[in-house]
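Spelled out from the first residue to the last, the chains are:
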Amino acid sequence: MLLAVMALLLLTACNEDQSYADRLNNERNAVNAYLANHRVVMSVPEDSVFEVGENAPFYRVDVDGNVYMQVLNAGDRHGDRAKEGEPIYFRYSRYNLANWYASGQMVAMSDGNEFSMSSVPCSFNYKDYSLPSSSQWGYGLQYPLLFLGVECEVNLVIKSQFGFTSEISYVTPFLFHVRYFHSQI
């Protein structure tokens, strides 16, 4: 019995002392496992005409595979594009893909503001990462606006390097559900 307890403690200690390379490998495995359940297109359409809806594929939007986007509503791609420096408001929920990969259960994180209309929408200034209020969200949340109209709705798989800057060192991928707006809603 004592040997079993010591083996369990040793195994637990090994998990806490993972190298950064091990964490990146775990992140990649979690993302790949999630995307294996969906169609994936390895690039953005040249004409930026995306399949739209719950059965649309996830498009890889950066060459390194840090952000994948499923378009639920493309918004007005021609007449309603975000302008550099423009404040963009958004509502989101997010799900920890590492926890999903380990447990098989998709549970929403409590920090999102999508499900509570009493919560203030979050915002960033489009393409202005010099402001902490914009850079705190990372690069991944702004990617959809490179291709879609502001009033769009997407699911995003974002690896840690393109996620919230305060969480990069945790090396945790997230699935985001995001809706973007011109004004606070």
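Chemist: Describe the overall build of the chain, naming the residues involved and giving the relevant values.
Modeler: Check the secondary structure of the chain and you find four helices and seven strands. Going residue by residue from the N terminus, the α and β elements of the chain occur as α-α-β-β-β-β-α-β-α-β-β. For the chain, the proportion of its 185 residues judged to be buried stands at 44%. Expressed as a percentage of contacts within the chain between residues at least 6 apart in sequence, the contacts between residues at least 24 apart total 62%.

Chemist: Lay out the nonpolar core with the relevant residues and their values.
Modeler: Grouped together as the largest cluster of nonpolar side chains are 32 residues, with contacts concentrated most on L141, L156 and Y180. Only strand 3 (67-73), strand 4 (87-96), strand 5 (122-125), strand 6 (153-158) and strand 7 (174-181) provide two or more residues apiece to this core. Among the elements that take part in this core, strand 7 stands out by supplying four residues, more than any other.

Chemist: An account of the environment of G75 is needed here, citing residue identities and associated values.
Modeler: Following the sequence through the fold, G75 ends up in the loop between strand 3 and strand 4. Put simply, G75 and E153 are 78 residues apart on the chain and 7.6 Å apart in space, counted from C-alpha to C-alpha. Beyond its immediate chain neighbours, meaning those up to four positions away, G75 contacts G149, E151 and C152.

Chemist: Describe the confidence of the model for the chain, and please don't skip the residues or the numbers.
Modeler: Mean pLDDT for the chain: 89, with 90% of residues reaching 70 or above. Per-residue pLDDT stays below 50 along residues 1-14; that stretch engages in zero contacts with residues further than four places along the chain or on separate chains.

Chemist: Provide a residue-level description of the sheet that holds strand 2 (residues 58-60), including the pertinent values.
Modeler: Pairing in this open sheet of seven strands is mixed, and the strands run 1-2-3-6-7-4-5 from one edge to the other. Sheet topology places strand 1 (40-41) and strand 5 at the edges, where each strand pairs with a single neighbour. In this sheet, strand 7 lies alongside strand 4 in antiparallel orientation, the contact comprising eight bridges. Across the sheet, the residue bridging to F90 is Y180, located in strand 7. Contacts between helix 2 (residues 20-35) and the sheet are confined to strand 1, strand 2, strand 3, strand 6 and strand 7, with strand 6 contributing the most and set at about 140° to the helix.

Chemist: Got a sec to walk through the pattern of salt bridges? Specific residues and values, please.
Modeler: Under the criterion given, the structure shown has three salt bridges. For the salt bridge of R39 with E51, the shortest nitrogen-to-oxygen distance reads 2.8 Å. On the criterion of sequence distance, the pair formed by R39 in the loop between helix 2 and strand 1 and E51 in the loop between strand 1 and strand 2 is long-range, its members being twelve residues apart. Here E51 falls in the partly exposed class, since its relative accessible area comes to 38%. Between D111 and R94 there is a salt bridge, and its shortest N-O distance comes to 2.7 Å. With a gap of 17 residues between them, D111 in the loop between helix 3 (97-103) and strand 5 and R94 in strand 4 connect regions that are remote in the sequence.

Chemist: Mind laying out the pairing of strand 3, listing which residues take part and the relevant values?
Modeler: Burial of strand 3 is extensive: six of the seven residues sit out of reach of the surface. Alignment of strand 2 against strand 3, held across two bridges, turns out to be antiparallel. Within strand 3, the residue paired with R60 across the bridge is Y68. The turn joining strand 2 and strand 3, which pair antiparallel and follow one another in sequence, is formed by six residues; a positive phi near 75° is taken by G65. Where strand 3 and strand 6 come together, six bridges link them in antiparallel fashion. Within the sheet, the bridge partner assigned to N73 lies in strand 6 and is E153.

Conventions used here
Residues numbered from 1 in each chain as written. Predicted model: local features only at pLDDT ≥ 70, side-chain atom pairs only at ≥ 80, totals over all residues. Heavy atoms only, no water. Helix = DSSP H or I, 4+ residues; strand = E, 2+ residues; numbered from the N terminus. Buried < 20%, exposed > 50% of the residue type's maximum accessible area, 1.4 Å probe, protein only. Contact = heavy atoms within 4.5 Å. Core = buried A, V, L, I, M, F, W, Y, C linked by side-chain atoms within 4.5 Å. pLDDT = per-residue confidence, 0-100. Pairing = 2+ DSSP bridges. Axes fitted to C-alpha atoms, helices over the stretch in contact; angles between N-to-C directions. Salt bridge = Lys/Arg side-chain N within 4 Å of Asp/Glu carboxyl O.

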